[in-house]
Amino acid sequence: MTAAASSDADLIAAHAAGDPHAFSELVRRHRDRMWAVALRTLRDPEEAADAVQEAFISAFRAASSFRAESQVTTWLHRIVVNACLDRVRRRQSRPTVPLPEAGPGEPASPRDAMAERETRLAVQDALAGLPDEQRAAIVLVDVEGYSVAETARLLDVAEGTVKSRCARGRARLAKLLGHLRNPDAGANVPDDAAMRRREGR
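Residues numbered from 1 in each chain as written. Predicted model: local features only at pLDDT ≥ 70, side-chain atom pairs only at ≥ 80, totals over all residues. Heavy atoms only, no water.

### Some remarks on the confidence of the model for the protein
Then step 1. Taken residue by residue, the protein gives an average pLDDT of 77. The fraction at 70 or more is 72%.
Then step 2. Below a pLDDT of 50 lies the segment residues 183–189, which in the model reaches 6 contacts outside its immediate sequence neighbourhood of four places, other chains included. (pLDDT = per-residue confidence, 0-100. Contact = heavy atoms within 4.5 Å.)

In structure tokens form, the structure reads like this:
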């Protein structure tokens, strides 16, 4: 069986057993998604690239300890998210850099293309404006599609903490992005203080 036809778990096992090509195949399979997670979390391409590199080095070294209690992709996500959060803690005041545009193509209408780009940039700016912990939870749950339970394991926090961070992050995003649907929408969206009062905190 070739490396390309092997499962992720088989590749981890092969790497741990000394196969010099197995880990390169894992990197090839998962680097784009890991990059996307890092970029959305850190908002800086250079920081994201460094975090992904650090994460894959950590995974390379820790592969022998992988116990297949989770999917390899979940294991890699955990390592990447931890690398990102470590960098966030070390460099709190780095400037925001817009995310690169992505996608198979632009709409046929130039007006639609401009509106889509403006919406994308507004969403990126709003996401960048979230506190780091809320942004990490939102990226994992709402962008990457992880469940609350999976996200709690990735971030090493309680499920209730993930729910709270997502709720507060979504409320902030709704307030920041309300103008996209209704210029007066922001007036009806609760802020953090209102969220805490509603939660009895």
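Having put the structure on the table, let's press on.
### A look at the packing of aromatic side chains
Then step 1. Evaluated as defined, the whole model comprises 3 aromatic pairs.
Then step 2. Measuring from ring centre to ring centre gives 6.3 Å for phenylalanine 23 and phenylalanine 56, while their planes differ by 85°; the resulting arrangement is edge-to-face. Pair noted here: phenylalanine 23 is in helix H2 (residues 22–42) and phenylalanine 56 is in helix H3 (residues 45–62), with a separation of 33 residues, a long-range link.
Then step 3. The buried category is assigned to phenylalanine 56, whose relative accessible area is 10%.
Then step 4. Through successive ring pairs, a cluster of aromatic residues spans Phe23, Phe56 and Phe60. (Phe/Tyr/Trp six-rings, centres within 6.5 Å; stacked < 30°, edge-to-face > 60°. Helix = DSSP H or I, 4+ residues; strand = E, 2+ residues; numbered from the N terminus. Buried < 20%, exposed > 50% of the residue type's maximum accessible area, 1.4 Å probe, protein only.)

### Quick word on unusual backbone geometry
Then step 1. The phi torsion at arginine 43 lies on the positive side, around 65°, for a residue other than glycine.
Then step 2. Following the sequence through the fold, arginine 43 ends up in the loop between H2 and H3.

### Structural notes on the pattern of salt bridges
Then step 1. As enumerated under the stated definition, the model contains 12 salt bridges in all.
Then step 2. With a shortest N-O distance of 2.6 Å, aspartate 132 and arginine 135 are connected by a salt bridge. Here aspartate 132 pairs with arginine 135, and both are found in helix H6 (residues 132–143), just 3 residues apart, close to one helical turn.
Then step 3. By relative accessible area, arginine 135 is classed as buried at 1%.
Then step 4. Among the salt bridges present, the one from arginine 170 reaches aspartate 142, with a minimum N-O distance of 2.8 Å. A residue pair is termed long-range when its members are at least 10 positions apart, and arginine 170 in helix H8 (residues 159–177) and aspartate 142 in helix H6 qualify at 28 residues. (Salt bridge = Lys/Arg side-chain N within 4 Å of Asp/Glu carboxyl O.)

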